[in-house]
Every structure is written in C-alpha cells, then in structure tokens.
Amino acid sequence: MSHMIDVANREVKLGFRNPWSYSFLILFCVFSMSLLVINSLNVVEGYSGTTSSLVNLILYLLPLMTLFIGSFSLTSEGEDGSWQLLSTYPLATSSFILGKYLGLSCVLLTIVSFGYGLMVLISGFMGNSFNLLTYGLFILFSCGLVFMFLTIALFIGSVCKNRWQALTISVSVWFFSVIAWPTLLIAGLSFVPYTWVQPMLSIFTLLNPAELVRLFVIIKLGGGSVLGPEYYRWVLWIQQPVGTWILMALTIVWITVSLLVIHWIWERRRYRG
C-alpha cells in the first residue's frame, strides 16, 4: 500500500509539471466561457442547445486529454529506463499500475474540477446559473470519461515503445471512438439482420466508453427522445433511479478488467524483458 501511494504521489508531482495539463486546462476553460457568454440569457437546465454543446465539448476534449497524458506517462517509463530501475526494487507490479492510475486520476480530476469551478463561478456572476442536477450530471459525465479512458490510455502506453507511437494510437483511438463512431456504427449495423440491430447496438455501446457515458447523460437530462427507437430500452433503464448505480457498476467492471490486462502486460515485461 505504501509503495502504491509513493507511486501515486510521484505521478501527481510529474503531472502538474506537465505542460499538456495546463494546455488542456486553458482550452477547457476558454471554450466553456465562450458557451456561457453565447447563452448568457438562459438558465442551463435539462437537455437544450447549451447542454448539448457542453456534452460535445467535453466529449471531444476530455478523452483526448486523458489519452495523451495517460499514455505518455507509461511510455516514458520504458523510454527513459525508469521501469527497468523500478523493477529491481521490491515494488509489486500491481502497486505500480494502481499508483499510476490513482495519481493520473488526481491530476485529471483536478483539471476538470478547476474548469467546472471557474465555469460555475463566472456563470453565477452573469446570472446564467446551472441547475444543480445538470451540474452534477456533467461532473459525473466527466469523471466517467476520465476513469474509463485512462485505462485505455494506460493500455496504449503499455504496448507502445515510444511517445510517437503513443501519440499516433491515442489520436486514432480518439478519432474512431468519438468522431467517427456514429458513421461506423450505422455502416456496420446496415450489414446485419434487423433482429440483430438492438443486441449488436448494445454490445458496441458497452465497448465504447464515450458512447456509453454520452447516452447516460443525454437520457438523464431528458433528451432520450432524440436517440431514436433503437435506444428505447436504454432510455427505460437509465431513467430509473437504479440506472446510475448500473452505470457505476459497468464503469467499475470496465476499469477492473482493463487494469488486470495492463497488469499482465507489465508483469510479463518485468520477467521477460
């Protein structure tokens, strides 16, 4: 436990020295302020043009930020020889991976918290305050993206040999999971029988954390009607009070399985080189 905390503390210090962190923080704050200025005459509540724009903003920015910071962190351990040195010490691989995950989570959540805090503070001065439920859903949305995409970032950092590979794969994953996902999903489902559409849609949605969390926040904001009849069952279970707990359970399963795979990769590397 103490080794895991040491790794986490080290990661927090390195994370706040990373210029990428401050670059994404500035971008997040600038775009958030721009949206608030444009919609300064409305109260941000429920699913509307403002909340839809904010969902898209967060969906574009947070996964990319998480993939870059997380993948670079693990790739650098192999590039500069830090892991070769650490593996000679009595440091368990699980403590190393969990420490990395916790430390990076703290850095990313601090960035998100600062951005949201500034956004709410300025919106209050402008008289364009957030509804409490809407604000809570955006926080939950952002945390879900960070926690799930961080495991993808650590996996990318585990299989890449240098930062250039990590950069290329991170951008590719971000593009296919966020930008190209609707087009790829529609194209893929057009080749399967109609009776398979809903089961395949559910499977693909569960495999894409960006789509899973996006559907959750849109439905919770009251925008389930814009999703179409294929998502009718999703709307039903997410609208229920237990829907939030189901999403948390799915998130925990995703994180646990991903971290186990990452642990296996580094354990194999530790003993085979």
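Everything discussed here concerns the structure shown above.
Residues numbered from 1 in each chain as written. Predicted model: local features only at pLDDT ≥ 70, side-chain atom pairs only at ≥ 80, totals over all residues. Heavy atoms only, no water.

A. Representation of the environment of V55. Following the sequence through the fold, V55 ends up in helix α3 (residues 49-79). Since its relative accessible area comes to 2%, V55 is described here as buried. Along the backbone, V55 and V217 are 162 residues apart, and their C-alpha atoms lie at a distance of 8.3 Å. Filtering out sequence-adjacent residues up to four positions away, V55 remains in contact with F138, F141, R214 and V217. (Helix = DSSP H or I, 4+ residues; strand = E, 2+ residues; numbered from the N terminus. Buried < 20%, exposed > 50% of the residue type's maximum accessible area, 1.4 Å probe, protein only. Contact = heavy atoms within 4.5 Å.)

B. Summary view of the environment of I58. You can see I58 is positioned in helix α3. Distance from I58 to F138, taken between C-alpha atoms, is 8.8 Å for residues 80 residues apart in sequence. The contacts of I58, once residues within four sequence positions are left out, are F28, P63, Y116, F138, F141, S142 and L145.

C. Geometry of the pattern of salt bridges. In the structure shown here, the tally under the stated rule is two salt bridges. The residue E211 makes a salt bridge to R214 at a minimum N-O spacing of 2.9 Å. In this pair, E211 and R214 both sit in helix α10 (residues 209-220), three residues apart, roughly one turn of the helix. (Salt bridge = Lys/Arg side-chain N within 4 Å of Asp/Glu carboxyl O.)

D. Structural context of the side chain of T75. For T75, the location among the structural elements is in helix α3. Relative accessible area serves as the criterion here: at 1%, T75 is assigned to the buried category. Within the local environment of T75, its side chain forms a polar contact with the backbone oxygen of S71, the two atoms lying 2.7 Å apart. Discounting residues that sit within four places of it in the chain, T75 has contacts with G157, C160, K161, N162, R163 and A166. (Polar contact = N/O pair within 3.5 Å; in protein donor to acceptor, adjacent residues only side chain to side chain.)

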